[in-house]
Amino acid sequence: MRTFVAGQEAHGDIEFAELALGIDIDLFRGPLEFETDGERAAREDAARDILADLRAEAEAGDEIAGWDALYGDALTRTVPFLRSARGYRSGTGEAA
């Protein structure tokens, strides 16, 4: 079965959520693969700008923008499993 959101086909759960909510999860959470410090800084700057725009739209009365801002903000506080696992010291049970 195929799933379409706004005329675009979603090829998985994450892509469906991105299309349905209008939020790029990797932009706010960070990619699952390695990114350089420069790439991370650029991504975080873009995410901050988008969150500021969403909050301004929410204050102007756009309820959907408000929910998107809350979701995007929550994503910025998550750590992808692969990135968190890299900081884990094998055999000690502790984070690096």
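Just so it is clear, the structure is predicted and the values come from calculations on it, not from any experiment.

Colleague: Help me understand the confidence of the model for the protein in this model?
Modeller: Do not read the fine detail of predicted coordinates wherever pLDDT is low. The share of residues in the protein with pLDDT of 70 or more is 75%, and the mean pLDDT across the chain is 78. When mean pLDDT is taken per element in the protein, helix α3 (residues 37–59) scores highest with 93 and strand β4 (residues 94–95) scores lowest with 49.

Colleague: Help me understand α3, please; the structure alone is not making it clear to me.
Modeller: The first and last C-alpha atoms of α3 sit 33 Å apart over 23 residues, in line with the 33 Å expected at 1.5 Å per residue. Within α3, the full set of buried residues consists of Arg43, Ala47, Leu51 and Leu54. Residue glycine 61 follows α3 closely and has a positive phi angle near 110 degrees.

Colleague: Help me out: how do you make sense of the packing of α3 against helix α4 (residues 63–76) in this one?
Modeller: Describing two packed helices takes the angle between their axes plus the distance from one axis to the other. Two elements in contact, α3 and α4, have axes whose closest approach is 8 Å; the angle formed by their N-to-C orientations is 150 degrees. The angle between the axes of α3 and α4 places the two elements in the roughly antiparallel class. Between α3 and α4 the crossing geometry is left-handed. The residues of α4 that touch α3, namely those facing Leu51, Leu54, Arg55, Glu57 and Ala58, are Ala65, Gly66, Asp68, Ala69, Gly72, Asp73 and Thr76. Tallied by class, the residues present in the contact of α3 with α4 amount to five nonpolar, three polar and four charged.

About the criteria used
- Residues numbered from 1 in each chain as written.
- Predicted model: local features only at pLDDT ≥ 70, side-chain atom pairs only at ≥ 80, totals over all residues.
- Heavy atoms only, no water.
- pLDDT = per-residue confidence, 0-100.
- Helix = DSSP H or I, 4+ residues; strand = E, 2+ residues; numbered from the N terminus.
- Expected span 1.5 Å × (residues − 1).
- Buried < 20%, exposed > 50% of the residue type's maximum accessible area, 1.4 Å probe, protein only.
- Axes fitted to C-alpha atoms, helices over the stretch in contact; angles between N-to-C directions.
- Parallel < 35°, antiparallel > 145°, perpendicular 65-115°, else oblique.
- Left-handed = near helix turned anticlockwise from the far one by under 90°.
- Contact = heavy atoms within 4.5 Å.
- Nonpolar A, V, L, I, M, F, W, Y, C, P; charged D, E, K, R; others polar.

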